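# Coordinate inspection notes
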Amino acid sequence: MTGAVVVGIGARPEPEAAAIVSAVRKVVGDRSIRCLATVDRRAHEPGLVAAAAKLGVPVVVFTASELAQVDVPGPAHRTALAVGTPSVAEAAALLACRRGGGSGRLIVPKTAFATITVAVAEPDSTRPGISG
């Protein structure tokens, strides 16, 4: 891993900020983060908003139907039933890299920590990518 990364977050309802920050740091260490990306239904959850603030990054969200269009290595039937997409963390990380005409690749597949799932994508540094 070299530049700033995009972190996809999957979570059960009402995730705690400390749990999110801990999971993210376990996966990316002190690496620079561009944003946290997730499904739109989690956008205003206090724990996610607080975690993003603590990490100093924006939250980028996508609808379940947008996430469902992304091919990922670890789709989950249970997630599809609960959220309407077989992937949140992996798909959100990849889609956030594609914002603004960019691209990216998954460098850490989904990794579960209790009620939080984290996946990491690295944006292609030659394209603009993520824009709010």
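The protein has the name Cobalamin biosynthesis protein in an unreviewed UniProt entry, where Nocardia veterana is given as its organism.

## Here we look at the nonpolar core
One finds Val7, Ile9, Val24, Val28, Ile33, Leu36 and Val118 to be the most contacted residues of the largest nonpolar core, which totals 20 residues. For this core, the secondary structure elements donating two or more residues are strand 1 (5-11), helix 1 (17-28), strand 2 (33-39), helix 2 (46-55) and strand 5 (116-123). Broken down by element, this core gets its largest block of residues, six residues, from helix 1. Once you skip the residues sitting within four places of it in the chain, Val7 turns out to touch Val24, Val28, Ile33, Cys35, Leu36, Ala37, Ala93, Val118 and Ala119.

## Examining the sheet that holds strand 3 (residues 59-62)
Strand order across the open sheet formed by five strands is 3-2-1-5-4, with mixed pairing between neighbours. Taken across any chain shown, the strands that pair with only one partner, and hence form the sheet edges, are strand 3 and strand 4 (104-113). Going from strand to strand, the sheet's axes swing by 25° on average, the running direction of each strand aside. Against the sheet, helix 2 engages strand 1, strand 2 and strand 3, with an angle of about 170° to strand 2. Sitting on the sheet, helix 5 (residues 89-98) is in contact with strand 1, strand 2, strand 3, strand 4 and strand 5, with an inclination near 25° to strand 5.

## Notes on the pattern of salt bridges
A complete count under the given rule lists three salt bridges for this structure. Its salt-bridge partner being Arg42, residue Glu45 comes within 3.2 Å of it at the nearest N-O pair. Judged by its relative accessible area of 11%, Arg42 falls in the buried class. Between Glu122 and Arg105 there is a salt bridge, and its shortest N-O distance comes to 3.0 Å. Taken together, the positions of Glu122 in strand 5 and Arg105 in strand 4 put the pair 17 residues apart, joining distant regions of the chain. In this structure, a network of salt bridges that share partners links the residues Arg31, Arg105 and Glu122.

Basis of the calculations
Residues numbered from 1 in each chain as written. Predicted model: local features only at pLDDT ≥ 70, side-chain atom pairs only at ≥ 80, totals over all residues. Heavy atoms only, no water. Core = buried A, V, L, I, M, F, W, Y, C linked by side-chain atoms within 4.5 Å. Buried < 20%, exposed > 50% of the residue type's maximum accessible area, 1.4 Å probe, protein only. Helix = DSSP H or I, 4+ residues; strand = E, 2+ residues; numbered from the N terminus. Contact = heavy atoms within 4.5 Å. Pairing = 2+ DSSP bridges. Axes fitted to C-alpha atoms, helices over the stretch in contact; angles between N-to-C directions. Salt bridge = Lys/Arg side-chain N within 4 Å of Asp/Glu carboxyl O.

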